[in-house]
2 protein chains.
Amino acid sequence: AKRPATTMSQTTNYGDRGMSLEAELNESNQYYLNQGVAVIHKKPTPVQIVKVDYPKRSAATIKEAYFRQPSTTDYNGVYQGYYLDFDAKETKNKTSFPLKNFHAHQIAHLRACVAAGGIGFAIIRFTDDVATFLLPASFLFHCWDDALQTDGRKSIRRSAIEAHGYQINPALNPLVPYLNAVDQLITATKK
Amino acid sequence: AKRPATTMSQTTNYGDRGMSLEAELNESNQYYLNQGVAVIHKKPTPVQIVKVDYPKRSAATIKEAYFRQPSTTDYNGVYQGYYLDFDAKETKNKTSFPLKNFHAHQIAHLRACVAAGGIGFAIIRFTDDVATFLLPASFLFHCWDDALQTDGRKSIRRSAIEAHGYQINPALNPLVPYLNAVDQLITATKK
Ligand SMILES: [Mg+2]
Ligand SMILES: [Mg+2]
């Protein structure tokens, strides 16, 4: 079946702001997969398909569709028998991470995953100095619940992320070696 | 943002043949989620988006997109700390399940998941008598490898599925209580 030969750049421009972090994570996941270390994938963007053309001798073409709100986080998979579930977020802020970057359904999903025995977290990048952190779901829940209070903070201080998270230093293979931070999280949780 | 008020039936008609089993599994997963038993979701259909309209005062409309080949199975999630990964398949055959219902990349993905410590399987339904089975990935791999031989069987006998799989008896809540079969699989694997 014929398909357009070129992938237009538009195809990777929609979506949330975490695109460059996401691209690096996708490459990192491919590396982990190739090395037999872990199987972690970004979920496809959920789309509600309304109209499809089935032309003869060429690929079915979706002619009308809409973006749906995802009901989960973007990434999940398996590493050393552990179920991992996370989302990746970037912020241009320098000293704090605004919690409005998360949707309530993402937090609810992470809570359900942790309750079922999975490991949940966020990967947060401060784009100004490209500092990247793994933030455990437990601390994210704490901040989320606090933000729901009338006088609660609506953002997480960077200093708190540094204290409660694990910094992920960039590398070549993989670009974002976040499973090192997962190892630290697992060790800390066992203590 | 405005969206079309009606969901056209076309939106649920594409895809593979396992639709009614998939619909039952989606309901079952919703039940398991509501009960706090497990967090298992069907992944969205992967779509390559080529053209998007951003009209004023209404939702972004995808005007051109194509179905992509999925690189994984349809379902994954977490249950009692276990990573589960599976696909659902229906067949009209009465005495065997044709292996052409699987793609090589799905088998490769299941192998990678099992190697990383996850639990992989297929849920297979014979639509003629609506008999549904959980087939462990290990036996599926065995049949797949055999089919690659010149004189290998290209299908799995129903009797072999009955012998190596776990039958899932339909229920009301959930419709397809497949986690009972997962429990049996876990117990058998531990022995
Ligand atoms: Mg995201
Ligand atoms: Mg399927």
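Going by the annotation in an unreviewed UniProt entry, the name recorded for chain A is Holliday junction resolvase RecU, with Furfurilactobacillus curtus given as the source organism. What UniProt records for chain A under Sequence similarities (unreviewed entry) is the sentence "Belongs to the RecU family." Under the Subcellular location (unreviewed entry) heading, UniProt states for chain A: "Cytoplasm".

Time to look at the overall build of chain A. Looking only at helices and strands, chain A has 5 helices and 10 strands in total. Expressed as a percentage of the 191 residues in chain A, the buried residues total 51%. Long-range contacts, defined here as pairs at least 24 residues apart, represent 65% of the contacts in chain A between residues at least 6 apart. Carbon together with sulfur atoms contributes 50% to the accessible area of chain A, which is approximately 9500 Å² in total.

Residues and elements named next belong to chain A. The UniProt feature table records "site: Transition state stabilizer" (unreviewed entry) at K89. Looking at the secondary structure, you find K89 in strand β5 (residues 82-91). With residues near it in sequence (within four places) discarded, K89 still touches L21, F97, N101, F102, Q106, I123, I124 and R125. From its side chain, K89 meets the backbone oxygen of N101 in a polar contact 2.8 Å long.

This paragraph deals with helix α3 (residues 137-147) of chain A. Each full turn of the α-helix corresponds to 3.6 residues, which orients residues three or four apart in the same direction. Taken together, the buried positions of α3 of chain A are occupied by A137, F139, L140, F141, C143, W144 and A147 of chain A. Where α3 of chain A is buried, its residues contact α2 (104-115), β7 (119-126), β8 (131-136), β9 (155-157) and α4 (158-164) of chain A.

Residues and elements named next belong to chain A. Checked against the element boundaries, T187 lands in helix α5 (residues 178-190). Looking at T187, the relative accessible area reads 44%, which means it is partly exposed. When the C-alpha positions of T187 and A23 are compared, they lie 28 Å apart, and in sequence the two are 164 residues distant.

Our focus in this paragraph is the interface of chain A and chain B. The interface of chain A with chain B comprises 46 residues on the first partner and 47 residues on the second. Between chain A and chain B, a total of about 4000 Å² is buried, with carbon and sulfur atoms accounting for 64% of that surface. Three residues stand out in chain A for area buried against chain B, namely I62, Y66 and F67 of chain A, and they jointly supply 15% of the buried area on that side. Inspection of the chain A/chain B interface yields 0 salt bridges.

This part is about the pairing of β5 of chain A. Residue and element names in this part refer to chain A. A large share of β5 lies buried, amounting to 9 of its 10 residues. Pairing analysis gives 5 bridges linking strand β4 (residues 75-79) to β5, with the strands arranged antiparallel. Residue pairing across strands places G77 opposite L84, the latter belonging to β5. Counting the residues in the hairpin turn of β4 and β5 gives 2 residues, including Q80, whose phi is positive at 50 degrees.

Our focus in this paragraph is the relation of the copies chain A and chain B. Rotating chain A by 180 degrees and translating it 0.0 Å along the rotation axis places it on chain B, where the RMSD comes to 0.0 Å. Look at the turn and shift together and you get a two-fold axis relating the two. Here 100% of the interface residues in chain A have copies in chain B that are interface residues too; the copies meet face to matching face.

Locating A137 of chain B in the fold gives a position in helix α3 (residues 137-147). Here A137 of chain B falls in the buried class, since its relative accessible area comes to 2%.

Attention now moves to the packing of helix α2 (residues 104-115) of chain B against α3 of chain B. All names here are of chain B. It is at 11 Å that the axes of α2 and α3 come closest, and there the two elements cross at 135 degrees. In terms of orientation, α2 and α3 fall into the oblique class. Crossing angle aside, the handedness with which α2 passes α3 is left-handed. Contact residues: A104, I107, L110, R111 and V114 in α2; A137, L140, F141, W144 and D145 in α3.

For the rest of this paragraph, the subject is the state of the cysteines. With the rule as written, the count across this model stands at 0 disulfides over all chains. C113 of chain A provides the cysteine sulfur closest to C113 of chain B, a residue in no disulfide bond, and the two sulfurs are 15 Å apart. C113 of chain B provides the cysteine sulfur closest to C143 of chain B, a residue in no disulfide bond, and the two sulfurs are 19 Å apart.

What follows covers the sheet that holds strand β3 (residues 61-67) of chain B. Across the sheet, 4 strands lie side by side as β2(A)-β3(A)-β3(B)-β2(B); this open sheet has antiparallel pairing. Edge strands, defined here as strands with exactly one partner in the open sheet, are β2 (47-53) of chain A together with β2 (47-53) of chain B. Adjacent strand axes in the sheet meet at a mean angle of 30 degrees, parallel and antiparallel pairs treated alike. In the sheet, β2 of chain A pairs with strand β3 (residues 61-67) of chain A via 6 bridges, with the strands oriented antiparallel.

Once that is clear, we can look at the sheet that holds strand β10 (residues 166-167) of chain A. All names here are of chain A. What the 6 strands build is an open sheet, ordered β1-β4-β5-β7-β8-β10; its pairing is mixed. Bordering the open sheet on either side are β1 (38-42) and β10, each of which pairs with just one other strand. Taken together, the 8 bridges between β5 and β7 define a ladder with parallel strand orientation. When the bridges of β7 are listed, A88 appears paired with I123. Across the sheet, α5 lies against β1, β4, β5, β7, β8 and β10, angled at about 135 degrees from β7, the strand it touches most.

Criteria and thresholds
Residues numbered from 1 in each chain as written. Chains lettered and ligands numbered in written order. Predicted model: local features only at pLDDT ≥ 70, side-chain atom pairs only at ≥ 80, totals over all residues. Heavy atoms only, no water. UniProt positions renumbered as here; feature names shortened; annotations may be inferred. Helix = DSSP H or I, 4+ residues; strand = E, 2+ residues; numbered from the N terminus. Buried < 20%, exposed > 50% of the residue type's maximum accessible area, 1.4 Å probe, protein only. Contact = heavy atoms within 4.5 Å. Areas by Shrake-Rupley, 256 points an atom, 1.4 Å probe, with all protein chains shown as cover. Polar contact = N/O pair within 3.5 Å; in protein donor to acceptor, adjacent residues only side chain to side chain. Buried area = accessible area lost by both parts, 1.4 Å probe. Salt bridge = Lys/Arg side-chain N within 4 Å of Asp/Glu carboxyl O. Pairing = 2+ DSSP bridges. Least-squares fit on C-alpha atoms with pLDDT ≥ 70 in both. Axes fitted to C-alpha atoms, helices over the stretch in contact; angles between N-to-C directions. Parallel < 35°, antiparallel > 145°, perpendicular 65-115°, else oblique. Left-handed = near helix turned anticlockwise from the far one by under 90°. Disulfide = S-S within 2.5 Å.

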